[in-house]
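# Structure at a glance
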Amino acid sequence: MLEQLGVNAKKAAGILTTADTEIKNKALRAIGKALVDNADVIISANNIDIENGKKAGLNAGLIDRLMLDKDRIKGIADGCVQVAQLDDPCGIVLETVERPNGLIIKKVSCPMGVIGIIYEARPNVTADAAALCLKSGNAVILRGGKEAIESNKAIADIMRNAIEAVGLPADAIQLVSDTSRESSTELMRMKDYLDCLIPRGSKNLIKAVVENSTVPVIETGSGNCHVYVDKDADAEMAAEIIFNAKTQRISVCNACESLVIHSDILENALPLIKTRLDEKAVIIKGDDRARAVCPDIEAADEADFAAEYLDYIISVKTVDSLDEAIEHINKNSTGHSESIITNDNERAMVFMNRVDSSSVYHNASTRFTDGGEFGLGAEIGISTQKLHARGPMGLRELTTTKYLIFGNGQVR
């Protein structure tokens, strides 16, 4: 069923491999302009998805992920233009070695070829992924969830028309319109056409792709992100950072889901933090010591400490030492993003070196774990694995390497 998409993508990838930076940037700017110019078309399609989502009982966090308005569309378009402004990751000579026999060996960055993306109710991923794949010289096959299918089709059509108008093949960007489970499974088996598969979405989606794909997978992760308030923290700073990390946007993987707090500062800091979170009616689920300080906090169980809520809910764990905080976080974290709030720089470095996550902060919100905030333009996802890529994945993470060897008649 999807084989023709694979054939088309392989052909387009062959053209993109030799496309120069100028035409790729021209295509990205054309995409950015076309998305803004056709915002009403996208919003009309998105309204259908939103209405269907509400009928299907999607929670507020998922509806927020799904929703597009003119500001969000402009943000998506700006991301494409920012990618155009970044250095081309392809054709970079990473190493040069001259051997005793006269061979000159160069290690050079190059596109992967064809990348598949499986994702859920986030139509912005359609544009972000396509832009990054295009700039890095890769064709892309996009397979979004049924919740965003109308939005995805509108965005993909606009992008395909835009790049074709500047001379690149429309099939460099293809969308799987069939949102059945069978199409997802088929994409996972397309090792003759896909060079890499990247899942982006829920823990269950990522697990299914990792366990069932015969195509090499770069694993992105769900986000049970922690903020640890150390005994030497500025309590007011902690309250502001946690308020931002939890409530600025609840539906994203870099939102704080778990608060860990040192017992020495519990009575001082927790009421301040709760007062800020009360402004957004955040439900707090805490252990016995947290509830003793703030009696109207709900009781937490062990499952709460490992939960990615994607909602106005946060867990609270009280610890008696930095070591206990690190142990608790490494046990319950998804390896995404964690932060320590402290005025003690030595303790901060111990935390940052020992916490086993892709992005670890000192006195800052976890909400910065994002390709745009890291200067990568758009992002393809946040990798929580350790092979090939880790953390926000931008252009460089979508390339591989090859060796170019220059001789003058050498034989072995």
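Conventions and cut-offs
- Residues numbered from 1 in each chain as written.
- Predicted model: local features only at pLDDT ≥ 70, side-chain atom pairs only at ≥ 80, totals over all residues.
- Heavy atoms only, no water.
- Helix = DSSP H or I, 4+ residues; strand = E, 2+ residues; numbered from the N terminus.
- Expected span 1.5 Å × (residues − 1).
- Buried < 20%, exposed > 50% of the residue type's maximum accessible area, 1.4 Å probe, protein only.
- Arc of directions from axis to C-beta.
- Contact = heavy atoms within 4.5 Å.
- Polar contact = N/O pair within 3.5 Å; in protein donor to acceptor, adjacent residues only side chain to side chain.
- Salt bridge = Lys/Arg side-chain N within 4 Å of Asp/Glu carboxyl O.
- Core = buried A, V, L, I, M, F, W, Y, C linked by side-chain atoms within 4.5 Å.
- Pairing = 2+ DSSP bridges.
- Axes fitted to C-alpha atoms, helices over the stretch in contact; angles between N-to-C directions.
- 1 Å grid on protein atoms, 1.4 Å probe; cavity = no way out; pocket = protein on both sides within 12 Å on 5 of 7 lines; lining within 4 Å.
- Points joined across faces, edges and corners; volume = space filled by probe spheres on them.
- Nonpolar A, V, L, I, M, F, W, Y, C, P; charged D, E, K, R; others polar.

## Here we look at helix H5 (residues 70–85)
Over its 16 residues, H5 extends 23 Å from the first C-alpha to the last, a length consistent with the 22 Å expected when each residue adds 1.5 Å. Of all the residues in H5, the buried ones are Ile-73, Ile-76, Ala-77, Gly-79, Cys-80, Val-83 and Ala-84. One face of H5 carries all of its buried residues, which in axial projection span an arc of 150°. Turned more than 90 degrees from where H5 packs its buried face, Asp-71 and Gln-85 sit exposed. Tucked inside the fold, the buried residues of H5 contact helix H2 (21–37), helix H3 (39–55) and helix H6 (124–135). N-capping of H5 is provided by Asp-69, with a side-chain oxygen placed 3.2 Å from the backbone N of Asp-71.

## As for the pattern of salt bridges
Inspection of the entire model under this criterion finds 21 salt bridges. The partner of Lys-246 in a salt bridge is Glu-257, with the nearest N and O atoms 2.7 Å apart. On the criterion of sequence distance, the pair formed by Lys-246 in helix H10 (residues 235–247) and Glu-257 in strand E8 (residues 256–262) is long-range, its members being 11 residues apart. The pair formed by Lys-246 and Glu-257 is uniform in burial state, with each residue classed as buried. Overlapping salt bridges, with partners in common, bring together Asp-64, Arg-72 and Arg-249 in one network.

## Examining the nonpolar core
Note on soluble globular proteins: their nonpolar side chains tend to be buried together. Of all hydrophobic cores here, the largest spans 70 residues; its most connected members are Ile-31, Leu-35, Ile-117, Ile-141, Ile-198 and Ile-380. By residue number, the principal contributor to this core is H6, which donates eight residues. Here Ile-198 is in contact with Ile-115, Gly-116, Ile-117, Ile-118, Ile-218, Thr-220, Ile-380, Met-393 and Leu-398, once residues within four sequence places are set aside. If you look at the next biggest cluster of nonpolar residues, it comprises 27 residues, including Ala-238, Ile-273, Ile-297 and Val-316.

## A look at the sheet that holds strand E10 (residues 298–299)
Spatially, the seven strands line up as an open sheet ordered E10-E9-E11-E8-E7-E12-E13, and their pairing is parallel. The open sheet has two edge strands with one neighbour each: E10 and strand E13 (359–362). One ladder, built from five bridges, connects E8 with strand E11 (residues 313–319); its direction is parallel. Note on E11: the bridge partner recorded for Val-260 is Lys-317. The strands touched by helix H14 (residues 345–354) are strand E7 (225–229), E8, strand E12 (337–341) and E13; relative to E13, the strand with the most contacts, the crossing angle is about 170°.

## What to know about the layout of surface pockets
Considered as a void within the structure, the largest pocket measures approximately 920 Å³ in volume. Together, 41 residues line the largest pocket, and Glu-120, Gly-201, Ser-202, Asn-204 and Leu-205 are the ones closest to its centre. Where the lining of the largest pocket is concerned, the elements lending two or more residues are helix H4 (60–66), strand E3 (114–119), helix H8 (181–188), helix H9 (203–212) and strand E14 (381–383). Among the elements that line the lining of the largest pocket, the one with the most residues is H9, at six residues. In the lining of the largest pocket, the residues fall into 15 nonpolar, 15 polar and 11 charged. Looking at the second largest pocket, its volume works out to about 780 Å³. Elements with a minimum of two residues in the lining of the second largest pocket: H5 and H6. Of the residues forming the lining of the second largest pocket, the biggest block, seven residues, is contributed by H5. Here the lining of the second largest pocket is composed, by residue class, of seven nonpolar, 11 polar and 12 charged.

## What to know about unusual backbone geometry
With phi around 50°, Leu-310 is a residue other than glycine that occupies positive phi space. Leu-310 sits in the buried class, given a relative accessible area of 16%. Non-glycine residue His-388 carries a positive phi angle of around 70°. With respect to the helices and strands, the residue His-388 is situated in the loop between E14 and strand E15 (391–393).

## Describing the sheet that holds strand E2 (residues 104–111)
Spatially, the three strands line up as an open sheet ordered E1-E2-E16, and their pairing is antiparallel. The strands lining the two open edges of the sheet, one partner per strand, are strand E1 (93–98) and strand E16 (399–406). The mean angle between the axes of side-by-side strands here comes to 20°, regardless of whether they run parallel or antiparallel. The pairing of E1 with E2 spans five bridges and is classified as antiparallel. The partner of Thr-96 across the bridge, within E2, is Lys-106.

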